[in-house]
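Coordinates in review
Here is how the chains run, residue by residue.
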Amino acid sequence: MDRLLQLEVFSKTAELGSLSKAAEALRMSNAAASRYLSALEERLAVRLIERNTRRLWLTEAGQELLERCGPVLNELAEAEDIVSDRALSPQGVLRVTSSLSFAVIYLAPMLPAFRTRYPKLNLQITTANRYPDFIEAGIDVAIRTREHEPDSNIVVRRIGQMRRVLAAAPSYLASCGRPEQPADLARHNMLVYNLANDPYSLRLRKGNGAQTIRITPTLDSNDGQVIRGAALAGLGILIQPLYIVQSDIAAGRLVPVLMDWELPLLTMNIAYQNRAGLPAKIRVFSDFLVTYIREHSEPGIWMDATK
């Protein structure tokens with residue numbers, strides 16, 4: 001029995017936490033995957049994976065084997081990718097995660113043109129505002145709003161910095177008035193994205209002056225689309241990246257306030273695992289996304305989108 005395939009089944013099972021998912025990823029039956037895993041354990045005379053009806057986990061021996069064979073399998077896969085036609089025509093599945101707002105505004109509209117260019121490459125997009133672990137979640141590419149990754153094995157490619165804006169529906173401003181100074185925000189209904197850095201302190205700058213305002217949110221949420229929906233309904237003043245509400249502002253559904261004051265810019269990055277040879281599917285996706293953002297964003301949203 002193929003020793004390399006045995007290791008691939010074992011490694012993929014450990015990565016995905018499921019033998020059936022590993023079989024699907026490797027395009028084989030569950031029975032075949034089970035035979036390969038059993039043959040590996042028999043050949044090594046040691047139990048590598050313990051499992052019950054609800055979950056599976058690595059034994060100590062399994063963990064040690066994964067640490068040693070994982071890099072070898074990755075390097076082999078990358079070598080095959082480089083010397084095969086995948087370098088010119090990427091194929092397979094690319095797993096991407098981003099916020100719901102970014103996926104709706106940028107990723108989904110980009111896909112038809114991307115698929116026309118790379119018809120053999122399928123995408124799996126998972127929307128999440130928190131940052132899942134690359135290996136545990138099986139992620140290839142993450143779109144993230146932080147400048148640095150705590151894991152040195154993660155490469156960050158900067159897309160650019162974007163403006164944030166304070167805005168409210170005309171009905172709210174007609175009822176509650178328009179803030180004229182940052183301090184006025186303390187008496188307004190504030191709609192806050194609670195995963196932002198220090199979400200309840202607003203740091204605003206105007207020329208050489210700066211103010212920090214503490215706010216108590218009428219609504220806070222971990223999703224920008226919830227915040228946007230509440231603002232459109234007239235609940236209060238939101239704080240959001242401009243790209244999320246640009247179309248609403250252009251259509252008059254939302255009105256910016258305190259436009260002479262600037263909020264800190266938000267950095268958007270593409271993140272992926274550090275590898276000796278960057279897989280072609282990650283490279284072409286990253287290049288295509290950066291170009292798409294530069295060519296399809298309204299002026300003023302991005303301050304320094306990557307050239």
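Residues numbered from 1 in each chain as written. Predicted model: local features only at pLDDT ≥ 70, side-chain atom pairs only at ≥ 80, totals over all residues. Heavy atoms only, no water.

**Observations regarding helix α9 (residues 242–250)**
The line we're drawing: Each residue's exposure class comes from its accessible area (1.4 Å probe, protein chains only) as a fraction of the maximum for that residue type: buried when under 20%, exposed when over 50%, partly exposed otherwise. Numbering of helices and strands runs from the N terminus, with a helix taken as a DSSP run of H or I at least four residues long and a strand as a DSSP run of E at least two residues long.
Counting buried positions over the nine residues of α9 gives seven, a clear majority of the element. All buried positions along α9 are accounted for by Leu 242, Tyr 243, Ile 244, Val 245, Gln 246, Asp 248 and Ile 249. Backbone geometry just downstream of α9 places Gly 252 in the positive-phi region, at approximately 85°.

**Concerning the environment of Arg 205**
Rules: What makes two residues a contact is simply this: any of their non-hydrogen atoms within 4.5 Å.
Checked against the element boundaries, Arg 205 lands in strand β9 (residues 201–206). Spatially, the C-alpha atoms of Arg 205 and Gly 92 are 47 Å apart, while their sequence positions differ by 113 residues. Filtering out sequence-adjacent residues up to four positions away, Arg 205 remains in contact with Ala 210, Asp 260, Trp 261 and Glu 262.

**Remarks on the domain arrangement of the protein chain**
Frequently, the measure chosen for interface size is the accessible area that the parts lose on association. The cut-off we apply is this: An automatic or database domain assignment supplies the residue ranges for each domain.
Under the domain assignment, the protein chain is made up of domain 1 (3–70) and domain 2 (162–266). Between the C-alpha centres of domain 1 and domain 2 the distance comes to 50 Å.

**Some words on the sheet that holds strand β14 (residues 266–273)**
Counted only if it meets this: Here, strands pair whenever DSSP counts at least two bridges between them. Angular values range over 0 to 180 degrees, each being the angle between N-to-C directions of two axes fitted as lines to C-alpha atoms, with helices fitted over their stretch in contact.
Read from one edge to the other, the open sheet built from five strands follows the order β4-β3-β5-β14-β6, with strand pairing classed as mixed. Edge positions in the sheet fall to β4 (121–127) and β6 (154–162), since each of these pairs with one other strand and no more. Taken over all neighbouring pairs, the strand axes of this sheet differ in orientation by 20° on average, direction set aside. Looking at chain direction, strand β3 (residues 92–98) and strand β5 (residues 141–144) are connected through two bridges and run parallel. Residue Val 96 lies in a different strand from β5, and its bridge partner there is Val 141.

**Quick notes on the sheet that holds strand β11 (residues 217–221)**
Strand order across the open sheet formed by five strands is β11-β8-β12-β7-β13, with mixed pairing between neighbours. At either end of the open sheet lies a strand with only one pairing partner, and these are β11 and β13 (255–257). Between one strand axis and the next, the sheet turns through 35° on average, direction left out of account. Relative to β13, strand β7 (residues 164–168) is paired through three bridges, and the arrangement is antiparallel.

**Re the pattern of salt bridges**
This is how the line gets drawn: Between Lys or Arg on one side and Asp or Glu on the other, a salt bridge is scored when a side-chain nitrogen of the former is within 4 Å of a carboxyl oxygen of the latter.
Taken as a whole and assessed by the stated rule, the structure comprises eleven salt bridges. Of the charged contacts in the structure, one is a salt bridge between Glu 15 and Lys 12, with a shortest N-O distance of 3.5 Å. Residue Glu 15 and its partner Lys 12 are both found in helix α1 (residues 3–16); the two are separated by three residues, about one turn of the helix. In this structure Lys 12 comes out as partly exposed when scored by relative accessible area, which is 23%. For the salt bridge of Asp 198 with Arg 214, the shortest nitrogen-to-oxygen distance reads 3.6 Å. With Asp 198 in the loop between β8 (190–193) and β9 and Arg 214 in strand β10 (residues 209–214), the pair connects residues that are 16 residues apart, well separated along the chain. Classification of Asp 198 as partly exposed rests on a relative accessible area of 40%. Judged by relative accessible area, Arg 214 falls into the exposed class, the value being 55%. What you see here is one network of salt bridges that share partners, running through Glu 41, Arg 47 and Glu 50.

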